[in-house]
Amino acid sequence: MPSFGYLYLSSNCPYTLPRGEKERKSNSPVQASLDFRSQVVRKIDLSNFKTADHRILRDINEVIVLNIIRERQPIPRVSIAEITGLEEGTVSRIIHRFLRQGLVYESGVGASTPAGGRKPRFVHINPSKRCAIGIDVGPIETLLALSDLNGHLHRVKRIPNSRNPVQLLDTVAEQTL
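Draft legend 1. Fine view of the layout of surface pockets. The space that makes up the second largest pocket amounts to roughly 390 Å³. R77, V78, R118, K119 and P120 are, among the 15 residues lining the second largest pocket, the residues nearest its centre. For the lining of the second largest pocket, the residue count by class is four nonpolar, five polar and six charged.

The following block contains the structure:
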């Protein structure tokens, strides 16, 4: 079964390459990451940009916290704050929003610290609340994958590619809906 990674992209800020620079492409994931690190920093198109407001920053922090929980669960809130550098109150507000949405749940109680205080409760991802769809368009076939929030694959479907890109997109849309 193929493995799928996690990728979070944001296109809120259009950019242009520096004059004379060309986008580098590589077939090797290792070479592609090396090429990415050696590229010149991309220049923001100052005629078309958007600055980050508190909602964008909150969304970024939520994605970071959700990924920390997913990768290190079960994990107490205080550990999330230590790892991310966010204030404990900020982490608690994010976790509270996740609890209301059903994205996470708390269970288990850890030992309190030698200094005393509350015993930590452990946060877990609720894998059945949401799902993720992965689409990998290859040269010969397209793979569609459905997984839970813990990354466990539930379904993988292979679709032979069409020479007509519009037809391929229509087929992918039909198969994912």
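Draft legend 2. Spotlight on the sheet that holds strand β6 (residues 131-137). Spatial ordering of the open sheet is given by β6-β7-β8, a layout of three strands whose pairing is antiparallel. Either end of the sheet is taken by a strand with one partner, and the two such strands are β6 and β8 (153-160). Strand-to-strand twist of the sheet, defined as the mean angle between neighbouring strand axes without regard to direction, takes the value 15°.

Draft legend 3. Representation of a nonpolar patch on the surface within the structure. A cluster of nonpolar side chains, namely I44, L46 and F49, defines an oily patch on the protein surface of about 320 Å² accessible area. If you trace the backbone, I44 turns up in strand β2 (residues 43-44).

Draft legend 4. Representation of the sheet that holds strand β5 (residues 121-125) in the model. Pairing within the open sheet is antiparallel, and its three strands lie in the order β3-β5-β4. The sheet terminates laterally at β3 (75-76) and β4 (104-109), the two strands that pair on one side only. As paired strands, β3 and β5 are joined by two bridges and run antiparallel to one another. By the bridge assignment, I75 is partnered in β5 with V123. Across the sheet, helix α4 (residues 88-101) touches β4 and β5, and the angle it forms with β4 is around 110°.

Draft legend 5. Up close: the environment of A111. When you line up the elements, A111 lands in the loop between β4 and β5. With relative accessibility at 68%, the residue A111 sits in the exposed group.

Draft legend 6. A look at the packing of helix α2 (residues 54-72) against α4. Axis separation between α2 and α4 bottoms out at 10 Å; the angle between their running directions is 75°. As far as their axial angle goes, α4 and α2 are roughly perpendicular. Residue-level inspection shows R58, N61, E62, V65, L66 and I69 of α2 in contact with α4, the latter providing I94, I95, R97 and F98. Residue composition of the contact of α2 with α4, by class: six nonpolar, one polar and three charged.

Draft legend 7. Region of the structure containing the pairing of β6. Bridge count for β6 against strand β7 (residues 141-148) is seven bridges, and the pairing is antiparallel. By the bridge assignment for β7, D136 is matched with L143. What sits between β6 and β7 in their antiparallel hairpin is a turn of three residues.

Draft legend 8. Main features of α4. Its 14 residues give α4 an end-to-end C-alpha distance of 20 Å, which sits within 8% of 20 Å, the value for a rise of 1.5 Å per residue. For α4, the elements touching its buried residues are α2, α3 (77-84), β4 and β5. One or two steps after α4, the chain reaches G102, where phi turns positive at roughly 80°.

Cut-offs and rules
- Residues numbered from 1 in each chain as written.
- Predicted model: local features only at pLDDT ≥ 70, side-chain atom pairs only at ≥ 80, totals over all residues.
- Heavy atoms only, no water.
- 1 Å grid on protein atoms, 1.4 Å probe; cavity = no way out; pocket = protein on both sides within 12 Å on 5 of 7 lines; lining within 4 Å.
- Points joined across faces, edges and corners; volume = space filled by probe spheres on them.
- Nonpolar A, V, L, I, M, F, W, Y, C, P; charged D, E, K, R; others polar.
- Pairing = 2+ DSSP bridges.
- Helix = DSSP H or I, 4+ residues; strand = E, 2+ residues; numbered from the N terminus.
- Axes fitted to C-alpha atoms, helices over the stretch in contact; angles between N-to-C directions.
- Patch = residues over 30% accessible without salt bridge, like charges linked within 9 Å, V, L, I, M, F, W, Y side chains within 5 Å.
- Areas by Shrake-Rupley, 256 points an atom, 1.4 Å probe, with all protein chains shown as cover.
- Salt bridge = Lys/Arg side-chain N within 4 Å of Asp/Glu carboxyl O.
- Contact = heavy atoms within 4.5 Å.
- Buried < 20%, exposed > 50% of the residue type's maximum accessible area, 1.4 Å probe, protein only.
- Parallel < 35°, antiparallel > 145°, perpendicular 65-115°, else oblique.
- Expected span 1.5 Å × (residues − 1).

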